[in-house]
Structures are given as C-alpha cells and as structure tokens.
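Remarks on the overall topology
Below are the chains, spelled out letter by letter.
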Amino acid sequence: MTQGHSHSSSDSSGLELGQSLWQSCVDQLAQELPEQQFNTWIKPLTAQVQDDISKVTIFVANRFKLDWVRAQYSNRIAGLLEKLYGQSVQVELAITPREAPVKSTFTPRTAEPAVVVEEAYVGEDRMAGGPKNRLNSLLTFESLVEGTANRMARAAAMHVATMPGHLYNPLFIYGGVGLGKTHLMHAVGNRLLADKQGAKVLYIHAEQFVSDVVKAYQRKTFDEFKERYHSLDLLLIDDVQFFANKDRTQEEFFNAFEALLAKKSHIVMTSDTYPKGLTDIHERLVSRFDSGLTVAIEPPELEMRVAILINKARAEGSEMPEEVAFFVAKNVRSNVRELEGALRKILAYSRFNQKEISIQLAREALRDLLSIQNRQISVENIQKTVADYYKIKVADMYSKKRPASIARPRQIAMYLAKELTQKSLPEIGELFGGRDHTTVLHAVRKIGGERQQLTELNQQLHVLEQTLKG
Ligand SMILES: Nc1ncnc2c1ncn2[C@@H]1O[C@H](COP(=O)(O)OP(=O)(O)OP(=O)(O)O)[C@@H](O)[C@H]1O
C-alpha cells in the first residue's frame, strides 16, 4: 500500500482499498507476531472498513476476546493501519453479530469463515440448518496451483476426496507456514461435498478443538461432544501441533480418532512438522498420526510462484505480465501467503494510481518489503542464525575445524549466503575465514543438490530462510 495519495471516498475502490488495507494489516501482523498468538487472536478477526477508510470496525467473538484484543492489539493495529494507509484510521471493536453482514465483512483470506463460529455447535439455533462444516468454498483444488512442491500432497488429497475411508487414512500433511496446507484440506472437504451432498464434513483448527473439549468439560456435555465428532465422515483438523501439552484434548482426540477410523471415516491432519518431530504429544497419538500416509508440502519453486501470482491476479480481474510475476517471485520467496500479500499491494497500488502493472510499479508498491529484505540479510546474520540453529559457535563459521557437526552447518551457511545475498563466491569465501571460492561453490552445489532429495534438510533450510527474512 502506498502513502500520501489522493483518493475518492465513496465508490467501490474505497471498498476494495479498505479490504486490501485490512488484509495488509493482517499480513503484517502475521509476520510480526509469534504464530500461535497470531492464530489465536488475529486470524479469527473480521473487519468492516468504512467507505472513506476513516474507520475500521473489528469484530471479535465475545466479551472476553474483545477486552483482550483491545488491551493487547488495538493500538498496534491502529498504528499499522495508519502506517499502511498514510493517514490515521479510527479503530473500533465490536462483538460479532449473530448474523454478520457477510457481504461487507472482510475476512483475511487465510482465516476461517467470515462469522466467528466459536459457538457453532453449542447454540441449538445454529443446528437448524445442519451443523456448520466451516469450509471455505473458495479453497478448492481448482484454485490451488500445482507444482513439484505440492504434487504428492495434492495427489494424496485428491485421492482421499474421491475415495474417503479407503487409502491413506489418516492423511498427515506437514510443511512450513503459508504453504497451502489449509487450502488443500478445504479442497478435500469441498470436493467430497460436491460429490456426496449429505456427507458429514468438518474443518476445524486444532485450537478450536481444544476449546470444544474445554467447553464439554465445563458443561458436562461429553456425550454431545462425542456424538458430534464421532459421527463425521470426514474430519479435517488443522495445525495439530497445538495439541502439545493438552492431555485431556489429546485423550479426546485419540478417542475420536479411533472411533472414526473404525467406521472408515477419513481423517486429514496438518502440522508444521512431521509426526515424529511433534513435541509434547503422547507417543500413542504420534504413532497413530503416522500410520496412514504422511506427506510434505515444500516451499514453492520459482515457476510455481510465478504461476500462483498470475492465477491470483487473474482471479482478482487483473493481468500480471509474466516478467512482473518473475520479478515479484524472485523477491518474495518464503511462502504463498507472502506472495499474496505482495500481489495485493501491487494491485491496490496499480488501481489507486491508475497505472499499468509493470516492474517499476511493482518495485514501488513493494518498496518497504524489498528494503526490509535487503537490510536484514547479511552474511554475518546468516552465520549467526545458522550457528544458533545447529548449536555451534559463530567462530566455527570461520575456523578451520572439520568435524561434520561443524563443517555441515558451515556449508549450509555458505549456501544461504549465496542464495540470499548479492555477494560473489570469493567474497563469501573471504567472510568464512578466507576460504577459496571453489570451497564455497562446492558447498552451494552440495547443499542445493541435497535439498532436492532430503525433505528434512529442505525443511530446515526453509525455517532458516524464514527466520533470516524476518
Ligand atoms: N499452490 C497454491 N496455489 C494457490 N494458492 C495457494 C497455494 N498454496 C497456498 N496458497 C494460498 O496461500 C495462502 C496460505 O495458504 P494456507 O493458509 O493454506 O497455508 P498453511 O500452509 O495452512 O499455513 P499456516 O500453517 O500458516 O496455516 C492461502 O490463501 C492459500 O489459498
């Protein structure tokens, strides 16, 4: 989003701008806040932006959350909106009305449906039209771009959607943030419902499951809880790493899991790590998670990022020239959510200034983003981050020591230095204790090659890249 521009106040561009402003704010918070905080407090928020963007009303599920969001986040949100928009924006908080005005309510695209559905299964009135499945109908196989990074996961998901309860049960999908795990899961649900209308499908975030367990506990409604979960045909449960340390939840999930598998209902789960990498989750559950098919979603490669940009632009009614898409995809590398954020900024900037989308325009629209990237990534920074990650001393990055426990992280750091900075091989060699450029080249080729083969290494590199990009 740009600053200091003029704008008309009441036409539809005000609405669009409001939408992308709120989305940019959410994207920014996703970058700044620890993931769990973001997912708990910010992701479920919906906002209504006044046409002239002087006021944003943020909807929160209940009184408790309202107080919390007000105390912890409202100043920060107001500050961000002001920074993004270039003028002050009044921020107001309200409790989500029972029937939210869906049309004018903007939800971050990554979030659950527009109305916060915390009470969805408790209030009898909501049961009238059948239980809510919480699926977002926009997240389908059709809108998911396929590439090497998600091919396996997509094929498995497609199989589950067409023949649930058959193979790959449970299907466990893991990968870093913003890589399309949630999207894929919704796609399974949407496809199954399209094929079998009456199917009982539920998408739920692991934290919501925890909160359902707590409620059942408080209200002594475990029978209802069981009835609800154990009767599903397809359970889609997101981010199961959130079950960590929640014993009662794990027990209830274990029961649901067993009941569902016994009746050949399908379970699809996602997590930020592979099952054995989960911490503070009971072994018996972990081994259940791993008992069907476990697939990774990898960060998208360049061509896939380009395709995603072009597709998403088209879905928004704009054409993004291929050279611009390449420019953006080369500069925004970590995940799809960031790509979407970049795209929104470019579209808003182009509409606002009524200019064609070009590389120059993209450069201007993404000025902040690009400068943050350039500022943060230095070879020293990489050395420190990699040393921390593999628990070795930073000094070992320049030392002559050769044990594998040191040499390998050092090679990884060299690889990242080549990937993420503009430095030449000799310059990098110099910064690693005066090593020859052929040593650096060897490291770059070796790690780059292994990355294609070893999922675990690829995940580690992905984490490091995300950390370095801030
Ligand atoms: N291959 C793809 N094609 C099109 N859109 C994609 C693709 N992968 C991801 N997206 C989009 O990127 C955004 C982030 O994806 P999603 O929310 O599914 O990520 P996630 O892996 O579940 O991340 P998190 O763990 O942070 O929840 C979504 O808007 C999604 O639609």
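Quick note: structure is the one above.
Residues numbered from 1 in each chain as written. Predicted model: local features only at pLDDT ≥ 70, side-chain atom pairs only at ≥ 80, totals over all residues. Heavy atoms only, no water.

A short note on the overall build of the protein
Rules: The numbering of helices and of strands both runs from the N terminus, where a helix is a DSSP run of H or I of at least 4 residues and a strand a run of E of at least 2. Only protein chains enter the accessibility calculation, which uses a 1.4 Å probe; a residue whose area is less than 20% of its type maximum is buried, one above 50% is exposed, and one in between is partly exposed. It only takes one pair of heavy atoms within 4.5 Å for two residues to be counted as in contact. A 1.4 Å probe and the Shrake-Rupley method give the accessible areas. Residues count as covered only by the protein chains that appear here.
When helices and strands are counted, the protein shows 19 helices and eight strands. Taken across its 470 residues, the protein has 51% of its residues classed as buried. The contacts of the protein with a sequence gap of at least 6 include a subset with a gap of at least 24, amounting to 73%. Looking at the protein as shown, the accessible area adds up to about 21,600 Å², and 50% of this sits on carbon and sulfur atoms.

Considering the nonpolar core
The test is simple: Only buried residues count toward a nonpolar core, which is a set of Ala, Val, Leu, Ile, Met, Phe, Trp, Tyr and Cys residues joined through side-chain atoms within 4.5 Å.
One finds F209, F243, F253, M269 and F289 to be the most contacted residues of the largest nonpolar core, which totals 31 residues. Of all the secondary structure elements, the ones that give two or more residues to this core are β4 (171-174), β5 (201-205), α6 (206-219), α7 (222-230), β6 (234-238), α8 (247-262), β7 (266-271) and α9 (283-289). The biggest single contributor to this core is α6, with five residues. Aside from chain neighbours lying at most four places away, what touches F209 is I204, F225, Y229, I237, F243, T249, E252 and F253. The next biggest cluster of nonpolar side chains, apart from the first, holds 29 residues, and it includes L17, V49, I77 and L81.

Remarks on the pattern of salt bridges
Spelled out, the test is: By definition, a salt bridge exists where a carboxyl oxygen of Asp or Glu is found within 4 Å of a side-chain nitrogen of Lys or Arg.
This structure, assessed with the given rule, holds 18 salt bridges. Note that R228 and D212 form a salt bridge whose closest N and O atoms lie 3.8 Å from each other. With a gap of 16 residues between them, R228 in helix α7 and D212 in helix α6 connect regions that are remote in the sequence. For the pair R228 and D212, a shared accessibility class is recorded, and that class is buried. We note a salt bridge from E258 to R288, for which the minimum N-O separation is 3.0 Å. In this pair, E258 is assigned in helix α8 and R288 in helix α9, connecting sequence segments 30 residues apart.

What to know about the packing of aromatic side chains
Aromatic rings in a pair are described by how distant their centres are and how their planes are angled relative to each other. Put simply, the test is: Stacked, edge-to-face and tilted are the three classes for Phe, Tyr and Trp ring pairs, Trp counted by its six-membered ring, which pair at centre distances within 6.5 Å; planes under 30 degrees apart are stacked, over 60 edge-to-face, the rest tilted. Definition used: whenever NZ (Lys) or CZ (Arg) falls within 6 Å of the ring centre and also within 35 degrees of the ring normal, the charge is taken to sit over that ring.
A complete count under the given rule lists 14 aromatic pairs for this structure. Three or more aromatic residues joined by ring pairs make a cluster, and in this case those are F172, F209, Y217, F222, F225, Y229, F243, F253, F257 and F289. Just above the ring of F254 sits the side chain of R284; from NZ or CZ to the centre is 3.8 Å.

A few points about α8
An α-helical segment advances 3.6 residues per turn. Residues three or four places apart therefore align on the same side. We apply this condition: A helix is expected to span 1.5 Å for every residue after the first.
The end-to-end C-alpha separation of α8 is 22 Å, in line with the 22 Å expected for 16 residues at 1.5 Å each. Listed in full, the buried residues belonging to α8 are T249, Q250, E252, F253, F254, A256, F257 and L260. Looking at the buried side of α8, the elements it contacts are α6, α7, β6, β7 and α9.

Here we look at the packing of α7 against α8
Under the convention used in this document: Between the N-to-C directions of two axes lies an angle of 0 to 180 degrees, each axis being a line fitted to C-alpha atoms and, for a helix, fitted only over the stretch in contact. Any angle that is under 35 degrees is reported as roughly parallel, and any over 145 degrees as roughly antiparallel; angles of 65 to 115 degrees are reported as roughly perpendicular and all others as oblique. Left-handed describes a crossing whose near helix is turned anticlockwise from the far helix through less than a right angle; right-handed describes the clockwise counterpart. Put simply, Ala, Val, Leu, Ile, Met, Phe, Trp, Tyr, Cys and Pro go in the nonpolar bin, Asp, Glu, Lys and Arg in the charged bin, and everything else, Gly too, in the polar bin.
With their axes 9 Å apart at the nearest point, α7 and α8 run at an angle of 45° to one another. On the basis of their axis angle, the class for α7 and α8 is oblique. Of the two elements, α7 crosses α8, and the hand of that crossing is right-handed. Here F222, F225, K226, Y229 and H230 of α7 lie close against α8, whose contacting residues are R248, E252, N255, A256, A259 and L260. The residue inventory of the contact of α7 with α8, partitioned by class, reads six nonpolar, two polar and three charged.

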